[in-house]
Amino acid sequence: MARSTAAQLDAYQRRYRDLAARLADIGYIAAGTITHRRTRCGKPNCRCHADPPQPHGPYYQWTGKIDGKTVTRRLTATEAARYQEWIDNDRQLRALIRQMRDVATQATELIMKEAATN
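Computed from a predicted structure; not experimentally measured. (Residues numbered from 1 in each chain as written. Predicted model: local features only at pLDDT ≥ 70, side-chain atom pairs only at ≥ 80, totals over all residues. Heavy atoms only, no water.)

Okay, unusual backbone geometry next. The peptide bond linking Asp 51 to Pro 52 adopts the cis configuration, its omega dihedral lying at 0°. Among the secondary structure elements, Pro 52 is positioned in the loop between strand 1 (33–39) and strand 2 (56–66). In this structure, Asp 67 takes a positive phi of about 55° despite not being glycine. When its relative accessible area of 77% is taken as the criterion, Asp 67 is described as exposed. (Helix = DSSP H or I, 4+ residues; strand = E, 2+ residues; numbered from the N terminus. Buried < 20%, exposed > 50% of the residue type's maximum accessible area, 1.4 Å probe, protein only.)

This part takes up the packing of aromatic side chains. Summed over all chains, the structure comprises three aromatic pairs. Plain terms: the ring middles of Tyr 28 and Trp 86 are 6.2 Å apart, the flat faces sit at 75° to each other, and that makes the pair edge-to-face. In this pair, Tyr 28 is assigned in the loop between helix 1 (3–23) and strand 1 and Trp 86 in helix 2 (residues 77–117), connecting sequence segments 58 residues apart. Given a relative accessible area of 66%, Tyr 28 falls into the exposed group. Judged by centre distance (5.5 Å) and plane angle (35°), the ring pair of Trp 62 and Tyr 83 falls under tilted. In this pair, Trp 62 sits in strand 2 while Tyr 83 sits in helix 2, placing the two residues 21 residues apart along the sequence. (Phe/Tyr/Trp six-rings, centres within 6.5 Å; stacked < 30°, edge-to-face > 60°.)

Once the charged atoms of two side chains with opposite charge are near each other, the side chains can pair. Using the criterion set out here, one finds three salt bridges in the structure. A salt bridge links Arg 15 to Asp 18; its shortest N-O distance comes to 3.5 Å. Note that Arg 15 and Asp 18 are positioned in helix 1 at a spacing of three residues, about one turn of the helix. When its relative accessible area of 35% is taken as the criterion, Arg 15 is described as partly exposed. Judged by its relative accessible area of 37%, Asp 18 falls in the partly exposed class. A salt bridge links Arg 91 to Asp 88; its shortest N-O distance comes to 3.7 Å. With Arg 91 and Asp 88 both in helix 2 and three residues apart, the pair spans about one turn of that helix. (Salt bridge = Lys/Arg side-chain N within 4 Å of Asp/Glu carboxyl O.)

Below, the structure written as structure tokens:
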């Protein structure tokens, strides 16, 4: 194996290990979305129908898939903040895995190219 190829592979391996080490720092993960809603009721004299309107809320909801079914849960503001942190962690995890795949693809192409020349 040529020195430049070996150096590139070492660099890919260091990058891959660095990304893998960052996986351990990610906390709990959750898929789904958090929505923040304000609503109007059916009472005609309520403040939510005033000018300007003052809707009820805020109400927080988490929506996600559980066993292939869409599930929605109402949350408190504290729970919504916690879920949002977990959703952000999930996005970070997916980004790290995507980067790991990219590095692995580059290393694989280099290894296969080197094997073809030998």
